[in-house]
Amino acid sequence: MSPKVRQKKVPIAEQKPEERIRNFDEVCLGYTMEEAIEEGMRCLQCKNAPCVAGCPVTIDIPGFIKALREGNIDESWKILKNATNLPAVCGRVCPQETQCEGVCTLGRGKDFEPVAIGKLERFVADWKASSGDAPAPAVRRGEPKGKVAIVGSGPAGLTAAGDLAKMGYRVKVYEALHEPGGVLMYGIPEFRLPKTIVRREIENIKLLGVEVEVDTAVGRSVTIEELRSEYDAVFIGTGAGTPRFIGIPGTTLNGVYSASEFLTRVNLMHAYRFPEYDTPIKRLKNVVVVGGGNVAMDAARSALRLGAERVTVAYRRTQAEMPARVEEYHHAVEEGIEFRWLTNPVEYVGDERGWVKAVRCIRMELGEPDESGRRRPIPVQGSEFLLEADGAIEAIGQGSNKVLLDAFPELKLNRHGYIVADPETGATSVEGVFAGGDIVTGAATVILAMGAGKNVAKAIDEYISAKRLRAASR
Amino acid sequence: MHTILEKKLIAPNEYDMWVEAPKVASHAKPGQFVVVRPTSKGERIPLTIADYDLKRGSIRFIFQAVGKTTHQMARFEVGDSLSDVLGPLGRPSEIKKWGTVMLVGGGVGIAALFPILRELKRVGNYTITVLGGRSSELVIMKDECRRYSDELIITTDDGSEGIKGVVTEGMKVASEGRKINQAWAIGPTIMMKFASLAAKEMGIPIWVSLNPIMVDGTGMCGGCRVEVGGEVRFACVDGPEFDGWAVNWDVLMRRLQQYKDEEKLSLEQYMAEVESAL
Ligand SMILES: Cc1cc2nc3c(=O)[nH]c(=O)nc-3n(C[C@H](O)[C@H](O)[C@H](O)COP(=O)(O)OP(=O)(O)OC[C@H]3O[C@@H](n4cnc5c(N)ncnc54)[C@H](O)[C@@H]3O)c2cc1C
Ligand SMILES: Cc1cc2nc3c(=O)[nH]c(=O)nc-3n(C[C@H](O)[C@H](O)[C@H](O)COP(=O)(O)OP(=O)(O)OC[C@H]3O[C@@H](n4cnc5c(N)ncnc54)[C@H](O)[C@@H]3O)c2cc1C
Ligand code: SF4
Ligand code: SF4
Ligand code: FES
């Protein structure tokens, strides 16, 4: 490898741990232009570009980095825009270590780190946004090619909406909550993904002509039959938002939260600014968070920022099996979050007022690999112990959102309660109804949901075009 | 935007409001509720749909000013708009011909009871309505309920109208010597608890409409969980109506207390703001 290439990523500015644990501002401050160009110089411009194959939306990574390091940010941004409607978001929240950066050639070299692809992507998107020149709206003139309804405004729905609008469709997005964005708005905290950025990306999608109607629960406020008769096709991207509970004794005690409730209060409802905003959140002192994914990290770090003195993450496997993004785990450790590996709660213990006062846990050991390929945790008999806590947050996973599914029994679901859809086209068991994102795959990632939105948009275009052709030739 | 079309004070601290919400009006059924967020910094609170008007595309709710959000809504006037109204949410009541039904209402719960009563009457049930309150002026919607009730019994704690006593006294009178096929009780939690206990004693199946603290109202947060028959259920999507015999009332009442300190602070601060603005 060329000796001129630096081994490590160009360091990036971050808020110091002791400062950031008491505010909700973004942790990572991003590269300057000079730093971004210096980091971009590390890219080897590989002919085979394995990084591109590692990206679920196949961004031309060497291409956008080349334009960036030549100082041509506009060009760089255009290359990103060709593949993704949400570059500022992906650059921040993708699990890069298992995707683009995980297969980067540079990272293969001994003692070399991969190119900081995500950080560069984010840099270009932010730079473009702050440069002030609003992206030219690509509004099409003339008759729309057809009408499409999108249910749910998470990354899957927004991506499908943006792509279909670009193709010349009239698109309307229906969202149950009062703000669009899905998990980007209600789940992922401000300190990882500022909401102004999510709003900005959504504004860009609206500039393409996409209409967004909030406060509309499809299946309740409007039925799927009504949508099917009004639109040529319907896309369902309602996500996996139903919190699961372990189901141990004490689940209904005060102070026991699902991560979904805790994070929704904090993010969507701005409870961290209570009483300026009306929605309250408990300021807990000693919190136990159960789980090992991004959701657990977000809940733990939010609790800390709300003023907790001690936050412990209890995870039933070990660090090696933890599904959270590596960067978030490191940030959590820096911030003083404690980790208890091989630990699982068995009961929430309440005080006389019905508030949780401790979590009874049991130690686990790893046995044979299970269906996920990870070694199955098994409780160690007689190893129970108490962790004191005035709050407990469960982040053990989510199931499919039911509001629509309950009202649409014709739609075929799999045994886990997710929609059965063609993996290529998103076609469901009902004609003209397509689905993608977490509601099909189960809780996954932003970029996979976007990838699904993209593929389904293409399939919807083909479906409507074919239908039009058939009608015209009749 | 959800413009307020009518607003009336119908009892001390209780307001009757009609609000523009065409999508809700055209899909609402008895027993369902909406989530309202009055301002852009506001909380999302659930309110039962007390009535709906298809022609005008509007819905009605009746609410009691208890905390910051409801006090703030009480200060809204005709022509003002609520930021957000989402619905209809929750499972509708089971409307069918049961035979003889008994509908027990207390406080603002009477508003939630009213559309259920009307539909039950319309499909041919014999309807006995028991309305209770601390005093006569707090028993709301008497005339509207009378129109759809074959029998109407009123109870007041202070004896200012009807039977002196609580609603369970009225339930006894109503069920005296006859078979009641199904009952409903909607009102303050403590009232629903005792109505359920009484109904169980009398062997009458009873629906109650639970009112835990909610956030989204779409099954996404689990904050509204209640315990029914030993199982954890989400009131916003599995309810709000549940079998009154099986509800764990202590859990519900305890969970309603979760934010007491914060609610107090919020209300005090709001009242101080209102006063300094005057
Ligand atoms: C706390 C948290 C942290 C995460 N962190 C990361 C991360 O760092 N990196 C990463 O890649 N992924 C992360 N994820 C996962 C990622 O956010 C999801 O995989 C992704 O958002 C799924 O997108 P989606 O469009 O399928 O659904 P969602 O984002 O869930 O959006 C679905 C939308 O549909 C709406 N909806 C549901 N039902 C209806 C209806 N009937 N009518 C109208 N609207 C409806 C919902 O209100 C919601 O807004 C995280 C998830 C959570 C919860
Ligand atoms: C399905 C359902 C239907 C309801 N219908 C009606 C109705 O028709 N008329 C009516 O007057 N009230 C109704 N309520 C109760 C109403 O939602 C609360 O009175 C209101 O939320 C209080 O808000 P606040 O800010 O004014 O008071 P706060 O000071 O915040 O709270 C006062 C009390 O109200 C309850 N409460 C607080 N926040 C919520 C919340 N987000 N969700 C539910 N309860 C909460 C708690 O018990 C609290 O102690 C209903 C509740 C539910 C769950
Ligand atoms: S979208 Fe995600 S996976 Fe693709 S290049 Fe960007 S950070 Fe990597
Ligand atoms: S694999 Fe790494 S070094 Fe090669 S083109 Fe992609 S980012 Fe550049
Ligand atoms: S209110 Fe959130 S799940 Fe019921």
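Residues numbered from 1 in each chain as written. Chains lettered and ligands numbered in written order. Predicted model: local features only at pLDDT ≥ 70, side-chain atom pairs only at ≥ 80, totals over all residues. Heavy atoms only, no water.

A. A look at the overall build of chain A. Scanning chain A from terminus to terminus reveals 18 helices and 18 strands. Computed over the C-alpha atoms, the radius of gyration of chain A is 23 Å, within 12% of the 23 Å expected from 2.2 N^0.38 for a compact globule of 474 residues. Taken along the three principal axes of its C-alpha coordinates, chain A extends 75 × 60 × 50 Å. For chain A, the proportion of contacts with a sequence separation of at least 24, taken over those separated by at least 6, is 69%. Surface accessibility of chain A: about 19400 Å² in total, with carbon and sulfur atoms responsible for 51%. Side chains of chain A give 62 positive and 64 negative charges; the mean places of these two sets differ by 2 Å. (Helix = DSSP H or I, 4+ residues; strand = E, 2+ residues; numbered from the N terminus. Rg over C-alpha atoms; globule rule 2.2 N^0.38 Å. Contact = heavy atoms within 4.5 Å. Areas by Shrake-Rupley, 256 points an atom, 1.4 Å probe, with all protein chains shown as cover. Lys, Arg positive; Asp, Glu negative; His and termini not counted. Charge placed at Lys NZ, Arg CZ, Asp CG, Glu CD.)

B. Seen up close, the packing of aromatic side chains. All chains considered together, the criterion is met by 12 aromatic pairs over all chains. Centre to centre, the rings of A:Tyr174 and A:Tyr231 are 6.4 Å apart; their planes meet at 90°, and the pair counts as edge-to-face. Of this pair, A:Tyr174 sits in strand S4 (residues 170-174) while A:Tyr231 sits in the loop between helix H12 (224-230) and strand S6 (233-236), placing them 57 residues apart in sequence. When sorted by exposure, A:Tyr174 lands in the same class as A:Tyr231, which is buried. Note on A:Tyr329 and A:Phe339: the rings are 5.0 Å apart at their centroids and 75° apart in plane angle, and the pair reads as edge-to-face. Here A:Tyr329, found in helix H15 (residues 326-334), pairs with A:Phe339, found in strand S11 (residues 338-340); they are 10 residues apart in sequence, far enough to count as distant. Residues A:Tyr329 and A:Phe339 agree in their burial class; the two are buried. Taken together through their ring pairs, the aromatic side chains of A:Phe24, A:Phe191 and A:Tyr272 make up a single cluster. Directly above the aromatic system of B:Trp18 lies the positively charged group of B:Arg56, at a separation of 5.2 Å from the ring centroid. One Lys or Arg, B:Lys96, reaches over the ring of B:Trp98 and ends 4.2 Å from the middle of that ring. (Phe/Tyr/Trp six-rings, centres within 6.5 Å; stacked < 30°, edge-to-face > 60°. Buried < 20%, exposed > 50% of the residue type's maximum accessible area, 1.4 Å probe, protein only. Lys NZ or Arg CZ within 6 Å of the ring centre and 35° of its normal.)

C. Just a nonpolar patch on the surface, in detail. All names here are of chain B. A cluster of nonpolar side chains, namely Ile190, Phe194 and Leu197, defines an oily patch on the protein surface of about 280 Å² accessible area. With respect to the helices, strands and loops of the structure, phenylalanine 194 is situated in helix H6 (residues 189-202). Classification of phenylalanine 194 as partly exposed rests on a relative accessible area of 44%. (Patch = residues over 30% accessible without salt bridge, like charges linked within 9 Å, V, L, I, M, F, W, Y side chains within 5 Å. Salt bridge = Lys/Arg side-chain N within 4 Å of Asp/Glu carboxyl O.)

D. Fine view of the pattern of salt bridges. Residues and elements named next belong to chain A. A full pass over the atoms with the stated rule returns 58 salt bridges over all chains. Here aspartate 461 makes a salt bridge to lysine 145, at a shortest N to O gap of 3.0 Å. With aspartate 461 in helix H18 (residues 446-473) and lysine 145 in the loop between helix H8 (117-130) and strand S3 (147-151), this residue pair connects regions lying 316 residues apart in the sequence. On the basis of relative accessible area, aspartate 461 is assigned to the buried category, the value being 16%.

E. Seen up close, the nonpolar core. All names here are of chain A. The biggest cluster of nonpolar side chains holds 80 residues, and the ones touching the most others in it are Ile61, Phe64, Ile150, Leu164 and Ile460. Sorting elements by how many residues they give to this core places H18 first, with 10 residues. Contacts of isoleucine 61, omitting those with residues within four sequence positions, involve Cys51, Val52, Cys55, Cys100 and Ile117. (Core = buried A, V, L, I, M, F, W, Y, C linked by side-chain atoms within 4.5 Å.)

F. View of the interface of chain B and chain A. Chain B puts 42 residues into the contact, and the matching count from chain A is 46 residues. Counting the surface lost from both chain B and chain A, the interface buries some 3800 Å², and carbon and sulfur atoms represent 53% of this. It is B:Lys41, B:Met220 and B:Tyr259 that lose the most area in chain B upon contact with chain A, and together they represent 19% of the buried surface on that side. Ionic pairing is found between A:Asp406 and B:Arg91, a salt bridge with its closest N-O pair at 3.8 Å. Applying the counting criterion to the chain B and chain A interface returns 21 residue pairs in polar contact (both at pLDDT 80 or more). Elements that contribute at least two residues to the side of chain B that touches chain A include exactly helix H2 (68-74), strand S8 (84-89), strand S15 (225-228), strand S16 (231-234), helix H8 (249-256) and helix H9 (260-277) of chain B. The greatest single-element share of the side of chain B that touches chain A, amounting to six residues, is contributed by S8(B). Grouping the constituent residues of the side of chain B that touches chain A by class yields 14 nonpolar, 14 polar and 14 charged. (Buried area = accessible area lost by both parts, 1.4 Å probe. Polar contact = N/O pair within 3.5 Å; in protein donor to acceptor, adjacent residues only side chain to side chain. Nonpolar A, V, L, I, M, F, W, Y, C, P; charged D, E, K, R; others polar.)

G. A look at the side chain of A:Lys195. Residue and element names in this part refer to chain A. Secondary-structure assignment places lysine 195 in helix H11 (residues 195-207). Buried charge lysine 195 goes without a salt bridge, the closest partner of opposite sign being glutamate 190 at 5.1 Å. In this structure the side chain of lysine 195 is engaged in a polar contact, spanning 2.8 Å, whose partner is the backbone oxygen of leucine 184. Not counting residues within four places of it along the chain, the set of residues in contact with lysine 195 comprises Leu184, Met185, Ile188, Pro189 and Glu190.

H. Representation of the site of ligand 1 in the model. All names here are of chain A. Around ligand 1, the surrounding shell holds 36 residues, and the nearest of these are Val93, Ala156, Glu175, Arg192 and Asp438. The separation between an oxygen atom of ligand 1 and a polar side-chain atom of glutamate 175 is 2.7 Å. Measuring from an oxygen atom of ligand 1, one finds a backbone N or O atom of valine 446 at 3.0 Å. Considering ligand 1 on its own, with 1000 Å² of exposed area, one finds that the protein chains cover 96% of that surface. Taken together, the elements giving at least two residues each to the shell around ligand 1 come down to helix H9 (155-166), helix H14 (294-305) and H18. At three residues, the largest contribution of residues to the shell around ligand 1 is made by H14. Taken together, the residues of the shell around ligand 1 break down into 18 nonpolar, 13 polar and five charged. (Near = heavy atom within 4 Å.)

I. Just the sheet that holds strand S4 (residues 45-48) of chain B, in detail. Residues and elements named next belong to chain B. The three strands are arranged S4-S3-S8 in an open sheet whose pairing can be described as antiparallel. This sheet does not close on itself; its edge strands, each paired only once, are S4 and S8. Ignoring which end each strand starts from, the neighbouring axes of this sheet average 25° apart. Both strand S3 (residues 33-37) and S4 contribute to a ladder of four bridges, which runs antiparallel. By the bridge assignment, phenylalanine 33 is partnered in S4 with threonine 48. (Pairing = 2+ DSSP bridges. Axes fitted to C-alpha atoms, helices over the stretch in contact; angles between N-to-C directions.)

J. Structural context of the site of ligand 4. Taken together, A:Cys43, A:Leu44, A:Gln45, A:Cys46, A:Pro50, A:Cys51, A:Pro62, A:Cys104, A:Thr105, A:Val115 and A:Ile117 form the complete shell of residues around ligand 4. Its residues assigned to classes, the shell around ligand 4 shows nine nonpolar, two polar and no charged.

K. Local environment of the pairing of strand S9 (residues 286-290) of chain A. All names here are of chain A. Within S9, five of the five residues are buried, which leaves it mostly tucked inside the rest of the structure. By the alternation rule, side chains of S9 split into Asn286, Val288 and Val290 and Val287 and Val289, which are all buried. In this structure, S9 lies alongside strand S10 (residues 310-314), joined through five bridges in parallel fashion. What sits directly across from valine 289, in S10, is valine 313. The parallel pair S9 and S10 is bridged by H14, and the resulting crossover is right-handed. The pairing of S9 with strand S16 (residues 391-394) spans four bridges and is classified as parallel. From the neighbouring strand, valine 289 faces S16, where its bridge partner is isoleucine 393. (Right-handed = clockwise from strand over helix to strand, strands pointing away.)

Geometric values such as these leave the question of function open.
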